[in-house]
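Given next are the chains, with one letter for each unit.
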2 protein chains.
Amino acid sequence: MVCLLKIRGMLEHMSVIERKLADFILDNAHLLRDYSSQQLADAVGTSQSSVVKFCQKLGYKGYPDLKLAVSEAVITASTLQRDTTEPSHSANNLHTLVEQLQFSLHSHLRGIMAVNDEQTLLDAADCLQGADRVLIAGFGKSAIVAHDMQFRLLQLGKLALLHSDPAITLQLASTLSHDSVLLLISESGQNTDLLKLARFAKQQHIRIISLTSYKTNALSLAADLALLALSGDENVRVNPLLVQMAQQHLCHILYLLLCQQQNNDHQLEENSKLLHVLEQP
Amino acid sequence: MVCLLKIRGMLEHMSVIERKLADFILDNAHLLRDYSSQQLADAVGTSQSSVVKFCQKLGYKGYPDLKLAVSEAVITASTLQRDTTEPSHSANNLHTLVEQLQFSLHSHLRGIMAVNDEQTLLDAADCLQGADRVLIAGFGKSAIVAHDMQFRLLQLGKLALLHSDPAITLQLASTLSHDSVLLLISESGQNTDLLKLARFAKQQHIRIISLTSYKTNALSLAADLALLALSGDENVRVNPLLVQMAQQHLCHILYLLLCQQQNNDHQLEENSKLLHVLEQP
DNA sequence: TCAGTATTGAATAATTTATTCCAGCTTGGC
DNA sequence: GCCAAGCTGGAATAAATTATTCAATACTGA
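Residues numbered from 1 in each chain as written. Chains lettered and ligands numbered in written order. Predicted model: local features only at pLDDT ≥ 70, side-chain atom pairs only at ≥ 80, totals over all residues.

Visitor: I'd like a description of the protein's contact with DNA strand D, backed by residues and values.
Guide: With respect to spatial proximity, 20 residues lie near DNA strand D, and among them Ile17 and Ser49 of chain A together with Ser36, Ser49 and Gly62 of chain B are the closest. At the level of secondary structure, the elements contributing two or more residues to the surface near DNA strand D comprise α2 (16-27) and α4 (48-57) of chain A together with α3 (37-44), α4 (48-57) and α5 (63-84) of chain B. Sort the elements by how many residues they give to the surface near DNA strand D and α4 of chain B lands first, with 5 residues. Partitioned by chemical class, the residues of the surface near DNA strand D number 6 nonpolar, 12 polar and 2 charged. (Near = placed C-beta within 6 Å. Helix = DSSP H or I, 4+ residues; strand = E, 2+ residues; numbered from the N terminus. Nonpolar A, V, L, I, M, F, W, Y, C, P; charged D, E, K, R; others polar.)

Right, dumping it as structure tokens:
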């Protein structure tokens, strides 16, 4: 499961041969079981050594390691499908749509703990916990996630800054201290404004947490802690939804971790009282 | 699955060493993944060649073949277990947290089609489809959902208005026509500003869609179409997350319905090109 | 006891996988 | 536009893993 997601997530950053290998594996995951590295190389039209290098680049020890991971993915996928009464082709259009969306979402969220190092998540929570203030930056579609995260942090009584204007966000950055944290949210990890922010924060020795959707990108490289919300649904319309939901899910996990850490329920209660007052006429 | 059964079935007819091998594999099936034939031989106290012969005797081509079969068995067993016996109380805190969150989320999203009338959803999509513009209103935590929905609609080329200030939102409402739609998002359905908007829209005969979290409330009563994103987790910290995710999920369903209806992929592509440009340095 | 058979492991062959090294290509700086 | 640096991919080769052979030993039934 995770393995194929990982491959899909890296598709963009691959060379021609790597891409061919990736495509073949994604299309024929079930065949890989009976392929040796040489056979795979022949099937794709490359050399055996390139296959091995491809595996290692993806983070596997070698070919057998990848092969096993892919086999696992194939099996879990098929069992999961069997279990969740899989996307039925019922006569009803709407129900099918919803079922498929929920199925994809469920599968993708499950992959989160696999692509993110456990320690990184804990560290990120610690980092936020210790921060005197957090500047969140995310523009475009990432703004939604940023907005969400800001709300969570405020709910915990943590000063979280966010502005939709990149220039003002930069100004806000200048108010940060060494104890502050910069949280950068971007799907591609290439957004110029965020990179500027990252550069500034690096100069000032302000800690950076990134939340992106590809393993290696300018932002995650610049970050002290890099969180990932991979995805990789082939449906162009569904994929962005999944990526976003995955990002928010990660934020929610961080939020719950922080809740646990400070374990001060009264803070939360006060806040919910506050909101309750706001909702009253 | 089959593999381990097969081994068990042959236990009686095995020699001493074979028996030792079988026992070890049955007891440590999960370890086999990382064992070479030599390592297994050492672990059992026999020779590597005996391991291979054992595999062949069982009907496998060789050691890697058996290894793969055992791995498959382990995985199917564990996935089945994970799926049926829900939130495991594993030693690991973080994993437990995440599993529970995902489990709750999955269950709650599944309930969406039960609490929402199918026709209402379709009508809501039609309604949005036909609107010349959509004014979205949602404050506080609902603002995140509102933000999300605005983004989706804009992506479809639909003019969607949203402002964080209630007063300005009211001003925006005055620009609506009979062909417009007002989308009101609120958890409780009691927010005064939203009720004011609803009252105004009613006077002007502007259609209202509500998205709330309780079956009967002032907003849903005032709305022409009432969507529901119920929840009800006992955990005070998790519940708000679930409610919000459910609301967003509903928005996403509407979005996908609209996609289907207009079925104009090029609009989407144009937009993604647009975003691509924005992401470039 | 002894021939016949089965089992085992050391040695070795065969296969598969991993690494090294070099050629060709792209990239970025001057 | 050119050169250096770095990256990519493949041939050759090394290393590792797996499979086979074969001889020694143990067991079985007469």
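Visitor: Which residues make up the sheet that holds strand β1 (residues 134-137) of chain A, and what are the values?
Guide: Residue and element names in this part refer to chain A. Ordered by their spatial adjacency, 5 strands build an open sheet running β2-β1-β3-β4-β5, and the pairing between neighbours is parallel. For this open sheet the edge positions go to β2 (160-162) and β5 (225-228), each flanked by a neighbour on one side alone. On average, each strand axis in the sheet is inclined to that of its neighbour by 20°, with strand direction left out of account. (Pairing = 2+ DSSP bridges. Axes fitted to C-alpha atoms, helices over the stretch in contact; angles between N-to-C directions.)

Visitor: Any details on the interface of chain A and chain B? Residues and values, ideally.
Guide: Across the boundary between the two partners, chain A contributes 46 residues, which contact 45 residues of chain B. When residues of the side of chain A that touches chain B are traced back to their parent elements, those giving at least two are α5 (63-83), α6 (93-110), α8 (118-130), α9 (142-155), α13 (238-262) and α14 (265-279) of chain A. At 9 residues, α6 of chain A tops the list of elements feeding residues into the side of chain A that touches chain B. Partitioned by chemical class, the residues of the side of chain A that touches chain B number 23 nonpolar, 14 polar and 9 charged. (Contact = placed C-beta atoms within 7 Å.)

Visitor: Explain the nonpolar core to me, and be specific about the residues and the numbers.
Guide: The biggest cluster of nonpolar side chains holds 165 residues, and the ones touching the most others in it are Ile136, Leu182 and Leu184 of chain A together with Ile136, Leu182 and Leu184 of chain B. Aside from chain neighbours lying at most four places away, what touches Ile136 of chain B is Ala146, Met149, Gln150, Ala160, Leu161, Leu162, Leu183 and Ile185 of chain B. (Core = buried A, V, L, I, M, F, W, Y, C linked by C-beta atoms within 7 Å. Buried ≥ 20, exposed ≤ 12 C-beta atoms within 10 Å, placed from the backbone.)

Visitor: Can you explain the confidence of the model for chain A? Please cite residues and give values.
Guide: All names here are of chain A. Looking at chain A as a whole, the pLDDT averages 80, with 85% of positions reaching at least 70. In this model, residues 82-90 is a region of pLDDT below 50 whose contacts with residues beyond four sequence positions or in other chains number 12 contacts. Contacts from residues 264-268, a stretch scored under 50 in pLDDT, to residues over four places away or in other chains number 5 contacts. (pLDDT = per-residue confidence, 0-100.)

Visitor: If you had to explain the sheet that holds strand β2 (residues 160-162) of chain B to someone new, which residues and values would you point to?
Guide: All names here are of chain B. The parallel open sheet is built from 5 strands, whose spatial order is β2-β1-β3-β4-β5. Taken across any chain shown, the strands that pair with only one partner, and hence form the sheet edges, are β2 and β5 (225-228). Going across the sheet, the axis of each strand differs from the next one's by a mean of 20°, ignoring polarity. The strands touched by helix α9 (residues 142-155) within the sheet are β1 (134-137), β2 and β3 (181-185), with β2 carrying the most contacts at an inclination of about 155°.

Visitor: Describe unusual backbone geometry, naming the residues involved and giving the relevant values.
Guide: One can expect most non-glycine residues to show negative phi and most peptide bonds to be in trans. Within the chain, His205 of chain A stands out as a residue other than glycine whose phi angle is a positive 55°. Here His205 of chain A is to be found in the loop between α11 (192-203) and β4 (207-212).

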